[in-house]
Amino acid sequence: MATSPYSSDIVLSKTDGSTNLLGLKLFRDAPNVPGGWRIDHVSPAPPRQASDSANYQQQSPDIGLVLDQDSWHRGFGASSISRFGTATESNRARARYGYSDGVLAMFRGELTLGYLTDESDILIKNGRFENLDSTSAYDMSDYTTSNATLASTATYVKNGDRGATITASADDGYIEQTINSPTLFQSKKVFAHCYLRRISGSGNATLQIIDSAGTTSATAVTETSAFTAGIASRTVDGSASSLKVRIKLSTNGDVFAIDDLAFFPEGGATWTEPQEFSDNIYAACGRTIYKWDDTNEIFNAVYYDAAYAITDLISFQGALYAARGTSANYLRSTDGTTWANPSTNSGNNRLATYFTRARNASGDWALFKNRTNKISISTDPSDTANWGSEIECGDSNRDVTNLFSANDRLYVGREDGLFEYSRSVNKFLDLQPEANLFPDDSNFKAAQGRSGAIFAGGGDQSFFRIDVGNFDGSYVWSDLSYIFKAPAYRGFGGRVTALTQDRNNLFVALADDLASESSGFPYTFPFSFAGANISRTVKLLSVRTQQEEPGSSAEDVPHTIANFDVSSVDAMGKFKGSDKMSLFVLGNLINDDSGDGNNNYEPRAFRIRMPIRNENPALNSVAEHRLSGNFYTPYINFNYPDINKSAIKLTLTGTNLDSNKTVTVYYKTDDDTDNDNIGWNTWGSDGIFSSTGQTVAGTFSSALINFDRIRFKLAFSTNEMASSPRINSLVFHAAWNPIDYRKWVAVVKLTDKRSMQLRRVRSSSVLSTDVSSLETLRKEPFVLLKDPDGSSHYVNLKYTDSMTSSRVYATRGVAPDQTRLLTLEMTEVKTS
């Protein structure tokens, strides 16, 4: 019954502790609640409800937290996994994985090592010392040695995974390479860059450029603590019959580490889109046109212009055409080696910046070119007299960024929009006039027609799918920028710089969003970062159109494939060879150590080997895949980001795992650095999973891994290309002990029975008064409870009541007597 709060068992009041004060005595003989007082606990986790087949979704969270995933093909992009239980494709929101570098997650039900990549570059074979031979060894055979030994190393590396060491067996021992077609470079300036570091000995190492008439040497390197740049340049003799790059060690017994050897001609490092012609691959970079040598994995020069950059290259009607901008004739070659002006070189018809192929107004296959904002068309460009009258496309105060075709139609990318050539009226239609509000020199520079649609980078971190209608100007624009943006991951969210495709994939080069394209200040800093080797990471992604089941809706799903430590990627192209597909990724690296601001851009070229018969490199009879790669999960917080948890175990199920083919697991927690090149912790004792089938690691009874959120890196490694380690599932178990919410149950007996004995009232309207107080407190968001031990708690209040007796003294004219049992349920409210 109610009584003074100072002599009651429990006291309720508003949160100030004084308003609406109500003291209550517990009913000791309450049924089902002995003593009238009980404490229960309420879990903060709701009951589990499976959304698909029975699995860890149905495990009670009171037992522990579990994440299981057995496929990653739903694509890149999730920055966190917030639910616990399954992360398979049945729940699309949870199925997005983090990202990968050198690991493929695009195939349903597995992770496997990615495509083998050759860092081919130009003119120098294996200048980065990263390339493998057919025996899975790092290939040093491209270099000629004299009184020196060249060996691969993973200990002394400037960039990438590997470098090399040179050991002199006599004074002036050296390694060297011979440059093909030296006559192309006669009277032209060439550059050589490399990085050297003395490991042992007392002498020096010198980078040299040697032609048949003389030698130019860089400053000798003696540094022992870090790699030092060797920089050399030479104007090749006008009658030179040979050209070499050499690294010479002065002293017998000296050992030097070497990495990142580059050799390139003067004239810039911006690439054009590669072209297939007469079963060969050609691409232009700066003032040079290169031809791919598949046997030696190198781009060799076939043309070097004395003054003009090659702005575009295209194959059309049995010839290659090279554009040279608005100041020089375009060039033509029928053999890929001999280049000459087309016939009748006069007027503006001889000038071109970009080319593309499409249908003209008559429906004939034709070549299109631009000169500033003027477009011309010809079905026979071997003679400049065959070009039609120029058609104006947009205002002359904005530049054209690209010509491309889709569905046989010509499209013109401009700084201020996208234009379509209308064959019916022989004019251009502006498909995005609002782009003029945000002009950008990258607008529509990267664009591809694919499956009845256009995919295009719009500059400023935008990427569009543009579905083409059945008549001029009929288009539906969809912004797909979101599929590339995962802000929790460093280096994603930049602009699309290059596109290419095959039958199953649209390949996308995504620039790092961390580095500025130009200085944000109107002045030059009074110091330079010598040795900084400024670079950005460019991501290679594949966008695939995927359907989960027949009849289900299709969507464009991105997958990460590889990273390239370059300053930019300008162009890409994929081509089918006799035994493999080759995806070429072409760009440049700004080397600030060169000391030559006009020629510090090193051309960079990568060839990614892709199988013909099966996209999955692990499932081909002739396997060509990387020897290492990393897969990065999103953060996992089980949707309780503020509650501390402990890692229990990690289970991987895989195939092709043994002591030489392993997956090593690392982790990061909470506020660890977002730079994924550093800061990883080894899982368990060594983190190594090396047995096929179900492998379990991670018992942390003595050294707990505590976290609010956690993510993993799976580092794949093998010493052979015969078979790739493959992971088919990941299950992560964690324990947690959230402070359960307490629930107090109190039973009190209230009555309004009166006693007239000795004409004194023992109890007066207790029930109605106290119930009124309870009603007031029940409507509060939460109230203050003082329990029988004298402790105070904030609670929300509910109660039920039941009548136990009721009598009426009709002859005395006394109001009815009632006795009620009230069951109070009070659930804890945590304010801290």
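Within each chain, residue numbers correspond to sequence positions counted from 1 in written order. In keeping with the model being predicted, local features are shown solely for residues with a pLDDT of at least 70 and side-chain atom pairs are shown and tallied solely at 80 or more, while totals for entire chains, interfaces and linings include all residues. Hydrogens and water molecules were not included; the side-chain quantities draw on all heavy atoms of the structure.

**Structural notes on the overall build of the protein chain**
The line we're drawing: For the purposes of this entry, the term helix denotes a DSSP run of H or I that reaches at least four residues, the term strand denotes a run of E that reaches at least two, and both are numbered from the N terminus. For the exposure calls, accessible area comes from a 1.4 Å probe over protein chains only, and a residue counts as buried if that area is under 20% of its type's maximum, exposed if over 50%, partly exposed in between. In what follows, residue pairs with any heavy atoms lying within 4.5 Å of each other are defined as contacts. Per-residue and other accessible areas were derived by the Shrake-Rupley procedure at a 1.4 Å probe size, with only the shown protein chains allowed to occlude residues.
Scanning the protein chain from terminus to terminus reveals 2 helices and 61 strands. For the protein chain, the proportion of its 832 residues judged to be buried stands at 53%. Once local pairs closer than 6 in sequence are excluded, the contacts in the protein chain between residues at least 24 apart make up 63%. Of the roughly 35500 Å² that the protein chain leaves accessible, carbon and sulfur atoms contribute 43%.

**A short note on the nonpolar core**
The condition that has to hold: Within this scheme, the nonpolar core is defined by two criteria: the residues are buried Ala, Val, Leu, Ile, Met, Phe, Trp, Tyr or Cys, and they are joined through side-chain atoms within 4.5 Å.
Ranked by size, the top nonpolar core spans 56 residues in total, and within it Leu111, Phe484, Trp683, Phe712, Leu714, Phe716 and Phe732 carry the most contacts. The biggest single contributor to this core is strand 57 (residues 726–736), with 5 residues. Among all residues touching Leu111, those that are not within four sequence positions of it are Trp72, Val103, Leu104, Ala105, Phe631, Leu714, Phe716, Pro725, Arg726 and Ile727. Among the nonpolar cores identified, the runner-up in size contains 52 residues, and Ile122, Phe191, Ile209 and Phe263 belong to it.

**Let's talk about unusual backbone geometry**
One non-glycine residue with positive phi stands out, namely Ser278, at about 50 degrees. In this structure, Ser278 sits in the loop between strand 22 (275–277) and strand 23 (280–285). Positioned with a positive phi, Thr344 is a non-glycine residue whose angle comes to about 55 degrees.

**Some words on the packing of aromatic side chains**
This is how the line gets drawn: When the centres of two rings from Phe, Tyr and Trp lie within 6.5 Å, Trp using its six-membered ring, the rings pair. Their planes under 30 degrees apart give stacked, over 60 give edge-to-face, and anything left gives tilted.
If you walk through the whole model with that rule in mind, you get 40 aromatic pairs. Here Phe129 and Tyr143 contribute two aromatic rings whose centre-to-centre distance is 5.4 Å and whose plane-to-plane angle is 15 degrees, an arrangement assigned as stacked. Note that Phe129 is positioned in the loop between strand 11 (117–118) and strand 12 (144–146) and Tyr143 in the loop between strand 11 and strand 12, a separation of 14 residues in sequence. Since its relative accessible area comes to 0%, Phe129 is described here as buried. For the ring pair Trp292 and Phe584, a centre distance of 4.9 Å and an interplane angle of 70 degrees mean the geometry is edge-to-face. With Trp292 in strand 24 (residues 288–293) and Phe584 in strand 46 (residues 581–590), the pair connects residues that are 292 residues apart, well separated along the chain. A relative accessible area of 1% places Phe584 in the buried class. Following the ring pairs from residue to residue traces out a cluster consisting of Phe76, Tyr99, Tyr489, Phe492, Tyr632 and Trp680.

**What to know about the environment of Ser382**
To be explicit about the condition: Side-chain atoms alone can form a polar contact between residues adjacent in sequence; in general such a contact is a pair of N or O atoms within 3.5 Å, and within protein one must be able to donate a hydrogen while the other accepts it.
Residue placement: Ser382 occurs in the loop between strand 31 (374–378) and strand 32 (391–392). A residue is classified by how much of its surface remains accessible, and Ser382, at 18% relative accessible area, is buried. Along the sequence, Ser382 and Leu331 sit 51 residues apart, while their C-alpha atoms lie 9.4 Å from each other. Setting aside residues up to four positions removed in sequence, Ser382 forms contacts with Tyr321, Arg332, Pro342 and Ser343. A polar side-chain atom of Ser382 sits 2.7 Å from a polar atom in the side chain of Asp380.

**Some details on the pattern of salt bridges**
Defined as follows: A carboxyl oxygen of Asp or Glu within 4 Å of a side-chain nitrogen of Lys or Arg is what we treat as a salt bridge.
Inspection of every chain in the model, using the stated rule, returns 39 salt bridges. Measuring nitrogen to oxygen at the nearest pair gives 3.0 Å for the salt bridge that ties Asp211 to Arg234. On the criterion of sequence distance, the pair formed by Asp211 in strand 17 (residues 205–211) and Arg234 in strand 19 (residues 228–235) is long-range, its members being 23 residues apart. Each member of the pair Asp211 and Arg234 is classed as buried. Among the ionic pairs, Asp674 bridges to Arg490, the shortest N-O distance being 2.9 Å. Placement of the pair is Asp674 in the loop between strand 51 (661–669) and strand 52 (681–682) and Arg490 in the loop between strand 40 (475–479) and strand 41 (496–501), with a sequence separation of 184 residues. Accessibility expressed as a relative area gives 35% for Arg490, which makes it partly exposed. Linked through salt bridges whose partners overlap, the residues forming this network are Asp118, Asp294, Glu297, Arg607, Arg609 and Glu624.

**Quick word on the pairing of strand 26 (residues 312–316)**
We apply this condition: The criterion for strand pairing is that DSSP finds at least two bridges linking the strands in question.
Of all 5 residues making up strand 26, 5 are buried, and the element is well covered by its neighbours. Here strand 26 shows a buried face lined by Asp312, Ile314 and Phe316 and a second buried face lined by Leu313 and Ser315. As paired strands, strand 26 and strand 27 (residues 319–323) are joined by 5 bridges and run antiparallel to one another. Residue pairing for strand 27: Asp312 is matched across the bridge by Ala323.

**Let's talk about the sheet that holds strand 20 (residues 243–249)**
Worth spelling out the cut-off: Axis definition: a line fit to C-alpha positions, over the contact stretch in the case of helices; interaxial angles, taken between N-to-C directions, run 0 to 180 degrees.
Spatially, 5 strands are ordered 12-15-20-17-18 in an open sheet, and the strand pairing comes out antiparallel. Across the chains shown, the open sheet's two edge strands, defined by having one partner strand only, are strand 12 and strand 18 (214–217). Strand after strand, the sheet turns through a mean of 25 degrees between neighbouring axes, direction not considered.

**Remarks on the pairing of strand 41**
Across 5 bridges, strand 41 lies against strand 42 (residues 506–511) in antiparallel orientation. Residue pairing across strands places Leu499 opposite Val508, the latter belonging to strand 42. Here strand 41 hands over to strand 42 after 4 residues, the two strands then running antiparallel side by side.

**Looking at the sheet that holds strand 22**
Sheets are built from strands that pair by backbone hydrogen bonding, the pairs being arranged parallel or antiparallel. Reading across from one edge, 22-23-24-25 is the order of the 4 strands in this open sheet, with antiparallel pairing throughout. If you trace the sheet from one side to the other, it starts and ends with strand 22 and strand 25 (298–304), each paired once. Averaged over all neighbouring strand pairs, the angle between strand axes comes to 35 degrees, with direction disregarded. Sheet analysis places strand 22 next to strand 23, joined by 3 bridges and oriented antiparallel. Across the sheet, the residue bridging to Glu276 is Ile281, located in strand 23.

**Some details on the side chain of Asn329**
Considering the arrangement of structural elements, one finds Asn329 in the loop between strand 27 and strand 28 (331–333). Residue Asn329 is classed as buried on the basis of its relative accessible area of 13%. Here the side chain of Asn329 touches Asn341 through a polar contact of 3.4 Å, side chain to side chain. Those residues within four positions of Asn329 in sequence are excluded, and the remaining contacts are Arg324, Asn341, Asn345, Arg350 and Leu351.

**Comments concerning the confidence of the model for the protein chain**
Regions with low pLDDT carry predicted coordinates that are not meant to be interpreted in detail. What counts here: For every residue, the pLDDT score states the predictor's confidence, bounded by 0 at the bottom and 100 at the top.
Looking at the protein chain as a whole, the pLDDT averages 88, with 90% of positions reaching at least 70. Within the model, the stretch residues 517–535 combines pLDDT values under 50 with 20 contacts to residues more than four positions away or in other chains. A low-confidence stretch, residues 755–765 (pLDDT under 50), is modelled with 8 contacts involving residues beyond four sequence positions or located in other chains.

**Notes on the environment of Ser79**
Tracing the backbone through its elements, the reader meets Ser79 in the loop between strand 5 (65–69) and strand 6 (80–81). The class of Ser79 is partly exposed, set by a relative accessible area of 28%. In the structure, Ser79 is positioned 17 residues away from Arg96 in sequence and 8.6 Å away in space, judged by C-alpha atoms. Contacts of Ser79, omitting those with residues within four sequence positions, involve Ala488, Tyr489, Pro634 and Tyr635.

**Side note on the environment of Thr270**
By the secondary structure assignment, Thr270 is in the loop between strand 21 (255–265) and strand 22. C-alpha of Thr270 to C-alpha of Ala309: the two residues are 39 residues apart in sequence and 9.0 Å apart in space. With residues up to four places along the chain from it excluded, the contact list for Thr270 reads Ala284, Cys285, Gly286 and Asp570.

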